[in-house]
Every structure is written in structure tokens, then in C-alpha cells.
Amino acid sequence: MIMKKILFALVVCSAVFCIAADDVKLYMGAEDLPNALEFYPAPPDTGSAAFAYDVAQYKWGKAMRVDSARAALAIAQATVDVAEMMAMFSEAFGMEISEKKTPAIFYVVKRGVLTMRLAGRAPKKHYMRPRPFMYFNEPTLLPQFEEEHRTNGSYPSGHTVRGWAMALLLAEINPAAQDAILKYGYEWGQSRVIAGYHWQSDIEASKAIIAGCFARLHADETFLADMKKARAEFKRLSTAKKKAK
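Attention in this report is confined to the structure presented alongside it.

So, how was this worked out
- Residues numbered from 1 in each chain as written.
- Predicted model: local features only at pLDDT ≥ 70, side-chain atom pairs only at ≥ 80, totals over all residues.
- Heavy atoms only, no water.
- Phe/Tyr/Trp six-rings, centres within 6.5 Å; stacked < 30°, edge-to-face > 60°.
- Helix = DSSP H or I, 4+ residues; strand = E, 2+ residues; numbered from the N terminus.
- Buried < 20%, exposed > 50% of the residue type's maximum accessible area, 1.4 Å probe, protein only.
- Lys NZ or Arg CZ within 6 Å of the ring centre and 35° of its normal.
- Salt bridge = Lys/Arg side-chain N within 4 Å of Asp/Glu carboxyl O.
- Core = buried A, V, L, I, M, F, W, Y, C linked by side-chain atoms within 4.5 Å.
- Contact = heavy atoms within 4.5 Å.
- Lys, Arg positive; Asp, Glu negative; His and termini not counted.
- Axes fitted to C-alpha atoms, helices over the stretch in contact; angles between N-to-C directions.
- Parallel < 35°, antiparallel > 145°, perpendicular 65-115°, else oblique.
- Nonpolar A, V, L, I, M, F, W, Y, C, P; charged D, E, K, R; others polar.

## Regarding the packing of aromatic side chains
Overall, the coordinates contain 15 aromatic pairs when judged by the stated rule. Judged by centre distance (5.5 Å) and plane angle (90°), the rings of Tyr27 and Phe223 are edge-to-face. With Tyr27 in the loop between helix H1 (2-12) and helix H2 (36-39) and Phe223 in helix H13 (residues 221-244), the pair connects residues that are 196 residues apart, well separated along the chain. There is no split in this pair, since Tyr27 and Phe223 are both buried. Ring centres of Tyr127 and Tyr155 lie 5.6 Å apart, and the angle between their planes is 80°; this geometry places the pair in the edge-to-face category. Pair noted here: Tyr127 is in helix H7 (residues 121-127) and Tyr155 is in the loop between helix H9 (146-149) and helix H10 (158-173), with a separation of 28 residues, a long-range link. Judged by its relative accessible area of 4%, Tyr155 falls in the buried class. Among the aromatic residues, those joined into a cluster by ring pairs are Phe51, Tyr58, Tyr135, Phe136 and Trp199. Between the NZ or CZ atom of Lys207 and the centre of the ring of Trp164, over which it lies, the distance is 5.1 Å.

## Regarding the pattern of salt bridges
Counted by the stated rule, this structure contains eight salt bridges. Across the pair Arg129 and Asp54 runs a salt bridge whose closest N-O atoms are separated by 2.9 Å. Residue Arg129 is found in the loop between H7 and helix H8 (132-136), and its partner Asp54 is found in helix H3 (residues 49-64); the two are separated by 75 residues along the sequence. Taking the relative accessible area as the measure of exposure, Arg129 reaches 8% and is therefore buried. Its salt-bridge partner being Arg231, residue Glu172 comes within 3.3 Å of it at the nearest N-O pair. Taken together, the residues Glu172 in helix H10 and Arg231 in helix H13 connect sequence positions 59 residues apart. Note on Arg231: relative accessible area 34%, which makes it partly exposed. Here the residues in one salt-bridge network are Asp54, Arg129 and Asp202, joined through shared partners.

## Describing the nonpolar core
Ranked by internal contacts, the top residues of the largest apolar core, which has 48 residues, are Phe93, Ile105, Val109, Met166, Leu170, Ile173 and Ile181. Looking at this core, the element that brings in the most residues is H10, giving 10 residues. Not counting chain neighbours up to four residues away, the residues in contact with Ile173 comprise Phe93, Ile105, Val108, Val109, Met227, Ala230, Arg231 and Phe234.

## Some words on unusual backbone geometry
Between Tyr155 and the following residue, Pro156, the backbone shows a cis peptide bond with an omega angle of 0°. The residue Pro156 is located in the loop between H9 and H10 in this model. Even without a glycine there, the phi angle at Met128 is positive, about 45°. Looking at the element boundaries, Met128 is found in the loop between H7 and H8. Judged by its relative accessible area of 39%, Met128 falls in the partly exposed class. Phi at Asn137 is positive, roughly 55°, even though this residue is not glycine. Checked against the element boundaries, Asn137 lands in the loop between H8 and H9.

## A word on the side chain of Arg192
Its place among the elements puts Arg192 in helix H11 (residues 178-195). No salt bridge is formed by the buried Arg192; its nearest oppositely charged neighbour, Asp202, is found at 8.7 Å. Those residues in contact with Arg192 that sit more than four places away from it in its chain are Ala78, Leu142, His149, Ser157, His159, Thr160, Tyr197, His198 and Ile203.

## Thoughts on the packing of H10 against H13
Remark: H10 packs on H13, axes separated minimally by 9 Å, with the N-to-C direction vectors making an angle of 60°. What the angle tells us is that H10 and H13 run oblique. Each of Leu169, Glu172 and Ile173 in H10 lies in contact with H13, whose residues at this interface are Phe223, Met227, Ala230, Arg231 and Phe234. The residue makeup of the contact of H10 with H13, split by class, is six nonpolar, no polar and two charged.

As C-alpha cells, this is what we get:
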């Protein structure tokens, strides 16, 4: 199963790392989203038990690189392009997600992810936490991006912010596939630990931040209207798919 996911990811991804075009109107600005600096703690101190767990998870991540299939998935999941991410989530979702084939789903997910990702910027800039590969002075699975990430804080994980936001949005649209979707979203975050770019606590912080943002989106009438359209589209396409069998 994991190899199937990797092959699918490599087909849809033209690059392992690219910047998404922010060509949709966001639901709200960062000032309207939960402020992680106010409700979530700072990164673990290096002398704490929590940091000891971070170190243990870093060693786990390095060990996982021996598994070539899991390492390849971690590399493939390094993309931050929202369209590529949706294509990669399609298998878990149970339907191909694209701007052409599922426009309503594509629109609300892209708009939602790009909105929620704003909440990770303030804590990342504030803490400027050194990344694991910097702390240990060891190579990563993606050496071509190490230099640029030295000046970009590790806490929280921006990749996990996007991946978990997408998982929650898609799970709401297709609750029957929620376990598979959330599992893939979980793997997305763990891939950053395996790649050597993030501590485990970076990943957990991202999920907590996105949980707050997801709740905030549900207080926005425009988002709720777009989500209603996405669910209706999914229902229509699912029905048509069943009839075609």
C-alpha cells in the first residue's frame, strides 16, 4: 500500500518542493485566526523531558530512512503546492481531486488550507527554533533545501500545518473515508520528522494550531456555504460513480 502511495505521489508531483500560488481569496486574515503565541506553549527546553522525546523521535525518523519506501514517501510529501497535495490525498479520499474534476471541493480545500496556514507564521518567526539537522549537524533526506531552511524557524511545521488542514477539510467532506484521510495526514507530519527537518513537538504544535483554526473557520458563513457546495458535489459524483459500476 505504501509503495502505491509513493508511485502515485511521484506521478502527480513535478517537484519535491514548490511554492503554491496564492490565487484565491482567503476566508480571513491572520488577525482573525487563533493566535498560537497566546494559547500554545513555547518549544520544549533542551533540558526537558519533552525535548528528550524529541531527540528519541529524531532517532526514530533516521531509522525509518532505511525503509526505502517510507523514505521515498517522506520526500514526495515535501511539496507544499496545494494542487499537488490534493492529488496525493486523492487515494485516501476515494476520488480524484482536481480543479477540473472536483471544482467545488478543490476550491474550498485550497481556500481553507491557504487561510489556516497563516496561523503558523507568527510562532515560527517568534521562536526561530533551530531544526533537528542543524542541532545535530547531520544530513537530511532533502539536502537541496537545507541551506534555505536554516533561516526559517522549525516550530511549528508549515508542511504539517498544510497537511493536517487538508486532512481535516477532506474528512469533513467525505466522513466515510475519514480514517484513511487522517492516517495520510498523520503520515504527512511524520514525514517531516523522518526527513530530518522537524522535531516531533513541531508536528504536534501544528496539529493543535490547525484544530483551533478549523473551529474558527466554522464560524465563517462563507466557508460554511463553500463547504456545503463541496459536500453536494461529492455526493453527486459518488452517486454517479456507483451508478456507472
